[in-house]
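# Observations on the model geometry
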Amino acid sequence: MSTTHSRTAGKAMISPAVILLFLWMIVPLVMTLYFSFQFYNLLDPVTSFAGFANYEYFLTDPAFFEALGNTLIIVIGVLCITVIGGTLLALLLDQPMFGQGIVRLLFIAPFFVMPTVSALVWKNMFMNPTNGLFAFLSKLVGTTPIDWLGHHPLASIVMIVSWQWLPFATLILLTAMQSLDSEQIEAAEMDGASALSRFFHIIVPHLARAGTVVILIQTIFLLSIFAEILVTTAGGPGYASTNIPYLVYMQSLLQFDVGGGSAGGIVAVILANIVAIFLMRLVGKNLDL
Amino acid sequence: MQKSAIALTVAVMATGASLSASADTLTIATVNNGDMVRMQKLTDDFTSKNPGIDLEWVTLEENALRQKVTTDIATKGGQFDVMTIGTYEVPIWAERDWLVPLEGLGDDYDVDDILPAIRGGLSVDDKLYAAPFYGESSMVMYRKDLMEKAGMEMPEAPTWEFIGQAARAMTDKDNEIYGVCLRGKAGWGENMAFLTATANSFGARWFDMDWNPQFDSQEWSDTLNFYVDLMNDAGPPGSSSNGFNENLTLFQNGQCGMWIDATVAASFVTNANDSKVADQVGFALAPDNGLGKRGNWLWAWSLAIPAGTEKEESAKKFVAWATSKAYAELVASKEGWANVPPGTRTSLYENPEYQKVPFAAMTLASIQEADPTNPTVEEVPYVGVQFVAIPEFQGIATSVGQQFAAALAGQSSVEDALKNAQSLTERAMKKAGYPK
Amino acid sequence: MARQVTLNRRLVNTAVAWGFGLLIFFPILWTILTSFKTEAEAISLQPSLFAFDWTLENYQEVNSRSNYPRYFMNSVIIAVGSVVLGLIIAVPAAWAMAFVPSKKTRGILMWMLSTKMLPPVGVLIPIYLLFRDWGLLDSRVGLVLVLTMVNLPIIVWMLFTYFREIPGEILEAARMDGASLKSELIHVLTPMAVPGIASTMLLNVILAWNEAFWTLVLTTTNAAPLTQFIASYSSPEGLFYAKLSAASTMAIAPVLILGWFSQKQLVRGLTFGAVK
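Residues numbered from 1 in each chain as written. Chains lettered and ligands numbered in written order. Predicted model: local features only at pLDDT ≥ 70, side-chain atom pairs only at ≥ 80, totals over all residues. Heavy atoms only, no water.

## Quick notes on the overall build of chain C
- Broken down by element type, chain C carries 13 helices and zero strands.
- Reading the secondary structure of chain C in the N-to-C direction produces α-α-α-α-α-α-α-α-α-α-α-α-α.
- C-alpha atoms of chain C, sized along the principal axes, occupy 75 × 70 × 30 Å.
- For chain C, the residues scored as buried account for 62% of the 276 residues in total.
- Long-range pairs, those at least 24 residues apart, make up 76% of the contacts in chain C with a sequence separation of at least 6.
- Accessible surface for chain C amounts to roughly 10,400 Å². Of this, 66% is attributable to carbon and sulfur atoms.
- In chain C, 19 positive and 14 negative side-chain charges are present, and the distance between their average locations comes to 11 Å. (Helix = DSSP H or I, 4+ residues; strand = E, 2+ residues; numbered from the N terminus. Buried < 20%, exposed > 50% of the residue type's maximum accessible area, 1.4 Å probe, protein only. Contact = heavy atoms within 4.5 Å. Areas by Shrake-Rupley, 256 points an atom, 1.4 Å probe, with all protein chains shown as cover. Lys, Arg positive; Asp, Glu negative; His and termini not counted. Charge placed at Lys NZ, Arg CZ, Asp CG, Glu CD.)

Next comes the structure, spelled out in structure tokens:
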């Protein structure tokens, strides 16, 4: 049905979005690239050519590899929790029950909360080892309160972020589950398939597409997790909860080292693109676009 | 494309875009500390005396504020007319001509009344570049009742050894009483302010005269070992995320035996509305180790005017108002003398009414004890008690602070933390091209 | 053919689901409850769920200190403005991708999404300098532009997945009748696409409302939205849990209520074409 005429029209319709996004990406990127070859500290008006020195410093920073690992741990940790937890919760919500609508409202709520607010609330009112609610609960059962942010900083962040994204995963997977043909399940039941094998042979394959979407969208947001870290642990103790965006932030806004921060930004862009390529392969297979 | 998009958006938002500022609206960036929040509430006094000047407040947490104003002033963004900055920023910014020298603040302003230690920290070449809103040093705040219960008596000028003993004696973990609360949250203005000042009293220094980092010295090792051991034995859980504010909450809630921190905290912990222990608080000078230096710092939150603002005259009027003697009286008349911004003017400490405030004398003594040009036992190439007044310091010290927080949290050993601190400081200083 | 479920089973399901639901919702509930406590009660070592002296003092304090209506209006203008502008740009693009797909369509779509993976902090200084030169710092226009760009990939993709579900035969029929491209878009597709556009709009308004990097960096007063409002209550001196909770409640309530009322549309919107 696509004629030459409609093709031309199609191009014309796509181009504003493409051109705008391209400008939004390329203009700052070129400037960042330029700064990354300069010795440029915001507090020092004198700049000079730096060659690859900024890259050298950023890549040999002991914090860099730790941050790289932490970035992956956050992405993978949150994905595992939300996809597995989301599937189980979706199974639960798919069962007949009273007040399903209201339960769904409860489940979806965390998704509406600003990341800064949720981080502040978790940090102060739950994870604080003296005044937090977790401390109160552990004292209630007679154990020593856990110093969440001091001793398990990365796990705490994974937990907070998972809380924010669990509703998203649950709801997409639930919608997918509800579209499952119930006759198929009943037929399997007749054949004497156990609940477990029904789950793995019918439900899981059916959810593959939805799961892909969950992974894709979440990865996009999880790669640049920032506010949660800034508010709760500020990347510490040590570099225990510093991820790549936070490391770049430390360079640019704590040290005001624009040159170093820009080099870090370019490195982050390259890494993000590597992840993007992998992700797109995965998506391409499951999401027949 | 971009232009048409802008035009389009303007059209879309034409309804909502009418709030643009009138001629003399001052945008004031400030920290969300108690004294500043109070100032914000008292602005009616200013606007009624200065018709035609409106005030817009940007109140943020310290680090967020610092990033905002630094980015703005360094890129000449021009978003602020008055900025709240500290003794660390003033000399660096003034040297780059980013600040308006504060001359002509009015006949009754009385610049000579400002405490010499504070005024020195805010001046470059004898020109004042920022007006102190409140000044602070650090001191020991302790619970008289718990001290008595432990069978000990706080001297006016304690040693670190005494603090260590008292803290362990006061600790009663079953009842959630911790002998000492100290800053542990990483940040150059958080744990590093405390630890740098403490290190001074242990005879340690950041750099030798050739700008070589000194974290491999015995003095730093003694400092950090003392601190980590003390906090493990007598500190609250989760110390590595406790900054000024977290410790304040703990102290007010009756969970700290001692707290060594900013002198301004005294008015919060003795305020019966917020503090459960208001009538049991005693004060002492920051501890020493017999080396002739005490572990107390010097800081002043100050109001400065960025160069290039079009509203310089109005801004000066505001700065003069907020840091004047009259402002102190205004606060005293509304909220009592104990809540007046402390530590800036000699006249305040000569005021018989103010002398009745329990922490007044100790605050003044602490401020006078600090010497930014000669902060530690040995000679140093830098100015600043709990900081080093070079632009690179805040980045370096925040990273070092992370290492020390990790040692405190038990994530790394004290030796490793110092080794990492040494190497990261060396790297950063090399990159910045020191010695200059 | 509905499956038969015993009442017992149903009750068990209900109990378990409500249990998990309340657990997940609890942090929000706790925040709301804390906002009605006094500061001293908020940090009490023996916290209480409902049995405390309910007070409105935190809300009064927050209202007297901050100009909430202005932050709120800015949030509304920025969120809605950026999504409307985004839709204006994205609808034609998504339409073309769905109905005139070419070999490059998939690549373009994926490229768009990948722009969202770049850490914004890496380009902060350039954007700040550009905004300064264009006079867009602390302006709603500037923020609308930025958030439009930030959310555009998501908007395009969501719309694309909806449009793709619209059967091509309808278009063919319209074309037979001699409808032009323009009228095709206006009279045939748009009405069918309205539910999709509505859910896209909802989700992206929420994303824009909660965006907390650019909104914090590029605004000070005139354009400052609720994210900035919250920032002024994070870790001040003195006790602050209750005031923070009050401010948090005020910042999240509008979106929470909007989200709850429109959750049916929203859940549809959340599927991103994941469900056929």
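## Focus: the interface of chain A and chain C
- Tallying the contact residues gives 99 residues for chain A and 108 residues for chain C.
- Summed over the shared surface of chain A and chain C, the result is eleven residue pairs in polar contact (both at pLDDT 80 or more).
- The element contributing the most residues to the side of chain A that touches chain C is helix H1 (residues 4–36) of chain A, with 20 residues.
- Here the side of chain A that touches chain C is composed, by residue class, of 73 nonpolar, 19 polar and seven charged. (Polar contact = N/O pair within 3.5 Å; in protein donor to acceptor, adjacent residues only side chain to side chain. Nonpolar A, V, L, I, M, F, W, Y, C, P; charged D, E, K, R; others polar.)

## Some words on the interface of chain B and chain C
- Between chain B and chain C, the contact holds 42 residues from the first and 34 residues from the second.
- Both faces considered, chain B and chain C share a buried interface measuring about 3,400 Å² in area, 60% of it formed by carbon and sulfur atoms.
- Between the two partners, chain B and chain C, sit two salt bridges.
- A salt bridge links Glu61(C) to Lys41(B), with the shortest nitrogen-to-oxygen separation between them at 3.2 Å.
- Across the contact surface, chain B and chain C share ten residue pairs in polar contact (both at pLDDT 80 or more).
- Contributing elements (two or more residues each) for the side of chain B that touches chain C: helix H1 (2–12), helix H2 (34–41), strand E2 (54–60), helix H4 (62–74) and helix H11 (244–252) of chain B.
- Partitioned by chemical class, the residues of the side of chain B that touches chain C number 16 nonpolar, 17 polar and nine charged. (Buried area = accessible area lost by both parts, 1.4 Å probe. Salt bridge = Lys/Arg side-chain N within 4 Å of Asp/Glu carboxyl O.)

## Remarks on the pairing of strand E6 (residues 131–136) of chain B
Residues and elements named next belong to chain B.
- With six of its six residues buried, E6 lies for the most part within the structure.
- As paired elements, E6 and strand E11 (residues 299–304) share five bridges and run antiparallel to each other. Within E11, the position partnered with Pro132 by the bridge is Ser302. (Pairing = 2+ DSSP bridges.)

## Comments concerning empty space enclosed by the protein
- Within the structure shown, the criterion is met by twelve cavities of 30 Å³ or more.
- The computed volume of the second largest cavity comes to approximately 880 Å³.
- What lines the second largest cavity is a set of 39 residues, among which Phe221(A), Ser224(A), Lys116(C), Val150(C) and Glu211(C) lie closest to the centre.
- Those elements giving two or more residues to the lining of the second largest cavity turn out to be H1, helix H8 (153–178), helix H10 (195–223) and helix H11 (227–232) of chain A together with helix H7 (140–165) and helix H9 (181–210) of chain C.
- Its residues placed into classes, the lining of the second largest cavity shows 31 nonpolar, five polar and three charged. (1 Å grid on protein atoms, 1.4 Å probe; cavity = no way out; pocket = protein on both sides within 12 Å on 5 of 7 lines; lining within 4 Å. Points joined across faces, edges and corners; volume = space filled by probe spheres on them.)

## Describing helix H3 (residues 62–94) of chain A
- Between its first and last C-alpha, H3(A) extends 48 Å over 33 residues, near the 48 Å set by a 1.5 Å rise per residue.
- By the N-cap criterion, in which a side-chain oxygen at the helix start approaches the backbone nitrogen of a residue two or three places on, H3(A) is capped by Asp61(A), the distance to Ala63(A) being 2.9 Å. (Expected span 1.5 Å × (residues − 1).)

## Observations concerning the sheet that holds E11(B)
All names here are of chain B.
- Strand order in the open sheet formed by five strands is E2-E1-E3-E11-E6, and the pairing between neighbours is mixed. Each edge of the open sheet carries a strand with a single partner, namely E2 and E6. Each adjacent strand pair in this sheet contributes to an overall mean axis angle of 15°, direction not counted.
- Pairing of strand E3 (residues 82–85) with E11, which is carried by three bridges, proceeds in the antiparallel orientation. (Axes fitted to C-alpha atoms, helices over the stretch in contact; angles between N-to-C directions.)

## Description of the domain arrangement of chain B
All names here are of chain B.
- Along its sequence, chain B is organised into domain 1 (21–136 + 298–360) and domain 2 (137–297 + 381–432).
- Centre-to-centre separation of domain 1 and domain 2, based on C-alpha positions: 27 Å.
- Residue-level contacts link 18 residues of domain 1 with 22 residues of domain 2.
- Both sides together, the interface formed by domain 1 and domain 2 hides about 1,600 Å², and carbon and sulfur atoms give 64% of it.
- Area buried by domain 1 at its contact with domain 2 is led by Tyr88, Glu136 and Phe359, which between them contribute 42% of it.
- Remark: the boundary between domain 1 and domain 2 carries zero salt bridges.
- Our count for the domain 1 to domain 2 interface comes out at five residue pairs in polar contact (both at pLDDT 80 or more).
- At the level of secondary structure, the elements contributing two or more residues to the side of domain 1 that touches domain 2 comprise helix H5 (89–95) and E6.
- By residue class, the composition of the side of domain 1 that touches domain 2 is ten nonpolar, four polar and four charged. (Domains from an automatic or database assignment.)

## Some remarks on the packing of helix H5 (residues 105–115) of chain C against H7(C)
All names here are of chain C.
- Relative to each other, H5 and H7 sit at 140°, their axes nearing to 8 Å. Of the two elements, H5 crosses H7, and the hand of that crossing is left-handed. Residues Thr105, Leu109, Met112, Leu113 and Thr115 of H5 form the contact with H7, whose participating residues are Pro153, Ile154, Val156, Trp157 and Phe160. (Left-handed = near helix turned anticlockwise from the far one by under 90°.)

## As for the state of the cysteines
Residue and element names in this part refer to chain B.
- With the rule as written, the count across this model stands at one disulfide over all chains.
- What pairs with Cys181 in a disulfide is Cys256, and their sulfur atoms sit 1.9 Å apart. Classification of the bridge connecting Cys181 and Cys256 rests on its S-S torsion, roughly -90°, and on that basis the disulfide is left-handed. Linking Cys181 in strand E8 (residues 178–181) with Cys256 in strand E9 (residues 256–262), this pair joins segments that are 75 residues apart in sequence.
- Residue classification places Cys181 among the buried residues on the basis of a relative accessible area of 0%. (Disulfide = S-S within 2.5 Å.)

## Concerning the environment of Ala9(A)
- The residue Ala9(A) is located in helix H1 in this model.
- Between the C-alpha atom of Ala9(A) and that of Ile217(A), which follows or precedes it by 208 residues, the distance is 30 Å.

## Some points on the sheet that holds E9(B)
All names here are of chain B.
- Strand order in the open sheet formed by four strands is E8-E9-E7-E10, and the pairing between neighbours is mixed. Edge positions in the open sheet fall to E8 and strand E10 (281–285), since each of these has one partner strand only. In this sheet, neighbouring strand axes are inclined to one another by 20° on average, regardless of whether the strands run parallel or antiparallel.
- Its contacts with the sheet place helix H8 (residues 160–170) against strand E7 (138–143), E8 and E9, and it is angled at close to 140° to E9.

## Overview of the packing of aromatic side chains
- Applying the stated criterion across every chain yields a total of 73 aromatic pairs over all chains.
- Here the aromatic rings of Phe52(A) and Tyr55(A) are separated by 6.0 Å at their centres, their planes lie at 50°, and the arrangement is tilted.
- Sitting above the plane of the Tyr109(B) ring, Arg345(B) keeps its charged end 4.8 Å from the centroid. (Phe/Tyr/Trp six-rings, centres within 6.5 Å; stacked < 30°, edge-to-face > 60°. Lys NZ or Arg CZ within 6 Å of the ring centre and 35° of its normal.)

## As for the environment of Ser137(B)
Residues and elements named next belong to chain B.
- By secondary structure assignment, the location of Ser137 is in the loop between E6 and E7.
- Of the residues examined, Ser137 reaches a relative accessible area of 0% and is grouped as buried.
- With 159 residues separating them in the primary sequence, Ser137 and Asn296 have C-alpha atoms 6.0 Å apart.
- Not counting residues up to four positions away in its chain, the partners in contact with Ser137 are Asp261, Ala262, Thr263, Asn296, Trp297, Ser366 and Ile367.
- Among the polar contacts made by the side chain of Ser137, one reaches the side chain of Asn296 at a distance of 3.2 Å.

## Side note on the side chain of Asp81(B)
Residues and elements named next belong to chain B.
- Relative to the elements of secondary structure, Asp81 occurs in the loop between H4 and E3.
- A polar side-chain atom of Asp81 sits 2.9 Å from the main-chain amide nitrogen of Thr27.
- Within polar-contact distance, the side chain of Asp81 engages the side chain of Thr309 at 2.9 Å.
- Beyond its immediate chain neighbours, meaning those up to four positions away, Asp81 contacts Thr25, Leu26, Thr27, Ala304, Ile305, Pro306, Thr309, Lys311 and Ala315.

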